[in-house]
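Letter by letter, the chains look like this.
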Amino acid sequence: MPKNNTFNRKFASLIHILGKLNSGRRVTVSGIMESLEISKRTTYRYISILQEAGYPIYFDRDQMSYCFADGFQPESDTKSRHFDSLDLKHRMLASSPLGLLSYDSAGQCVEANESAAAIIGAATMTELLKQNLNRIRSWQKSGLLERAEEVMRTGKDDCGDFFIESSFGKSLWLNCSLSRFEKDGSRYLTVAFQNATDRKALEISLTNTRNELYAAQRLGKMGSWTLDLATNKVHWTPELYRMLALSPDEPPPDYNLHSRLFTPKSWELLKSSLKLTAAEGIQYELELEMIRSDGTRGWMLASGEAIFDKNERIVGLQGIAADITERKELERTARENEELLHEVIKRSPIAAFVKDEQLRILHINERSEEDTGITWKEMIGKESHELFPSRLARKIVADDSAVLDSGKSIVFEEQVGVKTVRTFKFPIVLGNRKFLAGYAIDITEQKTTEKELRIFKALTDVSGEAIAISDPDGRLIYINHAHERLFGRSLQDAVNCNYRDYYPPESIETLNREVATALARGEGWEGVLIANDKSGRHFRLWERADTIFDEQKNVLYHFGIMHEIED
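All figures in this text were calculated on a predicted structure; none of them were measured in a lab.

**Student:** How should the overall build of the protein be read in this particular structure?
**Tutor:** A count of helical and extended segments in the protein gives 19 helices and 22 strands. Expressed as a percentage of the 567 residues in the protein, the buried residues total 37%. Taking the intrachain contacts of the protein between residues at least 6 apart in sequence as the baseline, contacts between residues at least 24 apart amount to 41%. Of the roughly 33800 Å² of accessible surface on the protein, 52% is carried by carbon and sulfur atoms.

**Student:** Looking at this model, I keep getting lost on the pairing of strand 2 (residues 65-68). Mind explaining?
**Tutor:** Of the strand pairs in this sheet, strand 1 (residues 57-60) and strand 2 are connected by four bridges, and their pairing is antiparallel. Opposite Asp-60, over in strand 2, you have Ser-65 as the bridge partner. Connecting the antiparallel pair strand 1 and strand 2 is a turn made up of four residues, with Met-64 showing a positive phi of about 50 degrees.

**Student:** Looking at this model, I keep getting lost on the pattern of salt bridges. Mind explaining?
**Tutor:** Two side chains that carry opposite charge are able to pair once their charged atoms sit near each other. Taken as a whole and assessed by the stated rule, the structure comprises 29 salt bridges. A salt bridge links Asp-158 to Arg-147; the nearest nitrogen and oxygen atoms lie 2.6 Å apart. Within this pair, whereas Asp-158 is found in strand 5 (residues 158-165), its partner Arg-147 is found in helix 8 (residues 144-154), the two being separated by 11 residues in sequence. Taking relative accessible area as the criterion, Arg-147 reaches 22% and is therefore assigned partly exposed. For the salt bridge of Arg-242 with Glu-239, the shortest nitrogen-to-oxygen distance reads 3.0 Å. Of the two residues, Arg-242 and Glu-239 both sit in helix 10 (residues 238-243), three residues apart, roughly one turn of that helix. Because the salt bridges share partners, they merge into one network encompassing Glu-287, Arg-327, Lys-328 and Glu-331.

**Student:** Please explain the nonpolar core as it appears in this structure.
**Tutor:** It is characteristic of soluble globular proteins that their nonpolar side chains tend to be buried jointly. Of all hydrophobic cores here, the largest spans 27 residues; its most connected members are Tyr-103, Trp-139, Leu-189 and Phe-193. Only strand 3 (99-104), strand 4 (109-112), helix 5 (114-120), helix 8, strand 5, strand 6 (171-183) and strand 7 (186-195) provide two or more residues apiece to this core. By residue number, the principal contributor to this core is helix 8, which donates five residues. Contacts of Phe-193, omitting those with residues within four sequence positions, involve Leu-98, Gly-99, Leu-100, Leu-101, Ala-116, Ile-119, Ile-120, Leu-174, Asn-175 and Cys-176. Leu-476, Ala-494, Leu-511 and Ala-531 belong to the second largest nonpolar core, which has 23 residues in total.

**Student:** Whenever I open this one, the sheet that holds strand 11 (residues 297-308) confuses me. Can you help?
**Tutor:** Adjacent strands of a sheet pair through backbone hydrogen bonds, lying either parallel or antiparallel. Taken together, five strands build an open sheet; the order of strands is 9-8-12-11-10 and the sheet is antiparallel. Across the chains shown, the open sheet's two edge strands, defined by having one partner strand only, are strand 9 (233-236) and strand 10 (284-291). Within this sheet the neighbouring strands show an average axis-to-axis angle of 25 degrees, counted without direction. Relative to strand 12 (residues 314-323), strand 11 runs antiparallel, the two sharing nine bridges. Bridge pairing in strand 12 places Ala-306 opposite Leu-317. In the packing of helix 11 (residues 264-280) onto the sheet, contacts are made with strand 8 (222-228), strand 10, strand 11 and strand 12, and the angle to strand 10 comes to roughly 145 degrees.

**Student:** It is not clear to me how unusual backbone geometry should be interpreted in this structure. Could you clarify?
**Tutor:** The phi torsion of most residues other than glycine is negative, and most of the peptide bonds are trans. In the Ramachandran plot, Ala-245 falls in the positive-phi region, its phi being about 55 degrees despite a non-glycine side chain. Tracing the backbone through its elements, the reader meets Ala-245 in the loop between helix 10 and helix 11. The phi dihedral of Lys-553 falls on the positive side, at around 65 degrees, and the residue is not glycine. Within the element layout of this structure, Lys-553 appears in the loop between strand 21 (538-549) and strand 22 (555-564). Given the relative accessible area of 67%, Lys-553 is considered exposed.

**Student:** I keep staring at the environment of Arg-26 and nothing clicks. Help me out?
**Tutor:** Looking at the secondary structure, you find Arg-26 in the loop between helix 1 (6-23) and helix 2 (29-36). Separated by 39 residues in the primary sequence, Arg-26 and Ser-65 have C-alpha atoms spaced 5.5 Å apart. Contacts of Arg-26, omitting those with residues within four sequence positions, involve Gln-63, Met-64 and Ser-65. From its side chain, Arg-26 meets the backbone oxygen of Gln-63 in a polar contact 3.0 Å long. Polar contacts involving the side chain of Arg-26 include one to the main-chain carbonyl oxygen of Met-64, which spans 3.4 Å.

**Student:** Is there a simple way to explain the confidence of the model for the protein in this structure?
**Tutor:** Close inspection of predicted coordinates is inappropriate for parts of the model with low pLDDT. Within the protein, residue pLDDT values average 82, and 90% of them lie at 70 or more. Of the regions scoring below 50 in pLDDT, residues 1-5 engages in 15 contacts with residues more than four places distant in sequence or in other chains.

**Student:** What is the right way to read the sheet that holds strand 3 from this model?
**Tutor:** Overall, antiparallel pairing links the five strands, which are arranged 4-3-7-6-5 in an open sheet. Unpaired on one side and paired on the other, strand 4 and strand 5 mark the two borders of the sheet. Adjacent strand axes in the sheet meet at a mean angle of 30 degrees when their direction is disregarded. Here strand 6 pairs with strand 7 via 10 bridges, running antiparallel. In the strand pairing of strand 7, Cys-176 is matched with Phe-193.

Reading the values: the criteria
- Residues numbered from 1 in each chain as written.
- Predicted model: local features only at pLDDT ≥ 70, side-chain atom pairs only at ≥ 80, totals over all residues.
- Heavy atoms only, no water.
- Helix = DSSP H or I, 4+ residues; strand = E, 2+ residues; numbered from the N terminus.
- Buried < 20%, exposed > 50% of the residue type's maximum accessible area, 1.4 Å probe, protein only.
- Contact = heavy atoms within 4.5 Å.
- Areas by Shrake-Rupley, 256 points an atom, 1.4 Å probe, with all protein chains shown as cover.
- Pairing = 2+ DSSP bridges.
- Salt bridge = Lys/Arg side-chain N within 4 Å of Asp/Glu carboxyl O.
- Core = buried A, V, L, I, M, F, W, Y, C linked by side-chain atoms within 4.5 Å.
- Axes fitted to C-alpha atoms, helices over the stretch in contact; angles between N-to-C directions.
- Polar contact = N/O pair within 3.5 Å; in protein donor to acceptor, adjacent residues only side chain to side chain.
- pLDDT = per-residue confidence, 0-100.

Encoded structure:
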């Protein structure tokens, strides 16, 4: 709480000027300025206040000095000083816009002016003079009484803002200055006050606005700062401290220490931008890598601009800073994921491509180059008719257009040279742009296998020999028509059966002892077994059993070729 009482300093200055006038010495503006250490403007204002209070002061041009008018007889020495002091107080009490009250040591009001009555709502000064400060509830409740007692006890001036609910029905904020003075050996309390309600409302509004700003900055992880170029004084909002892991109870770091808050590259970028802004007023916006006080790193989006005075001179800088560490981490993760996805597509064993809406190739992967025999550089930006034979190009364009027109994924088979390709094509829409993407799988071998299987099936179906194929565990996966006729079971029945369903126990023993052993050695087996059909009929069966292996000599299938032996 400030202890200097503005009113009492002014009052003492006025008494000092009266004393110089009483002394009869030469009183000049420069002399008053020097003795009171005040400005010329304040000196003229103090002389004007004394004149308005009724003192006959005029400027003597011959003497080039201020004087009392002729006929005004000042008192001498101590008596004069008391007279001047009391007389000035009475005159100022009457004319001052400040509310002025004086209380004796018992707390009884002994002096009041009209301004005091008007400010706190009293009808007349008489009502104020009836009051004793020790019995005024608003003084007790607001803390003003406690402060007044302290001033009377110590003699130290005090001032502050107090919320008063006056005895006359007014509620308001008062800015009060309290001082003690002595007269004829008795102590008195003088209270000078003015209505501070509007100022307090503004202060509260500004405080609420500041708190709301700080809350918004805290939620948005954003801080702001200002720099006065004349004084190099810097102000930071709390969020800026939190952003850099610094204590908001400490002043902002000196400009020369800012280099520790950023990586060398970011600091050089910020330093050059600040210099340019201070010199030419050019705004900046930068992404800077922070080094927090706890050693961790983060990212800041910083922007700044110049502050101009009314003459368009740059007098300061101001800016905001947002913590974008989370965003930068997400960008880094997204970038890494994108690079990973690009590598996956690039190295995928399946050919992949992307085309624009004009069906020009934008991207292909390595497998596409291998399958087509055309390099990436040769394909990018080209249309199908520039890369493939006209018949194939027309087929590709027709398929591509069908996908873009329908907006649906479509699967096509296309013959590219000697290869058969199954292509999965689908549209991609980004904003108002359309793209065509797809994957192409070489199914030449599959088609060849399917063809061979169809030939095999056709041959086995017309064969008079019964043929059966099983997996390594003995589950049937294929039989031909001759097998169905011989055993009376369809293919659907057969896939749900095991080879043991086709033989009586004595043949099962032979199969386990001889046939399985031979097949395990990678050898074939040939012989006669007893078999039974679905109806239970037993018959003699000639059978040849063998195994099919893959390239690593792993068992893929077992097969048997057989026919009934007539008695």
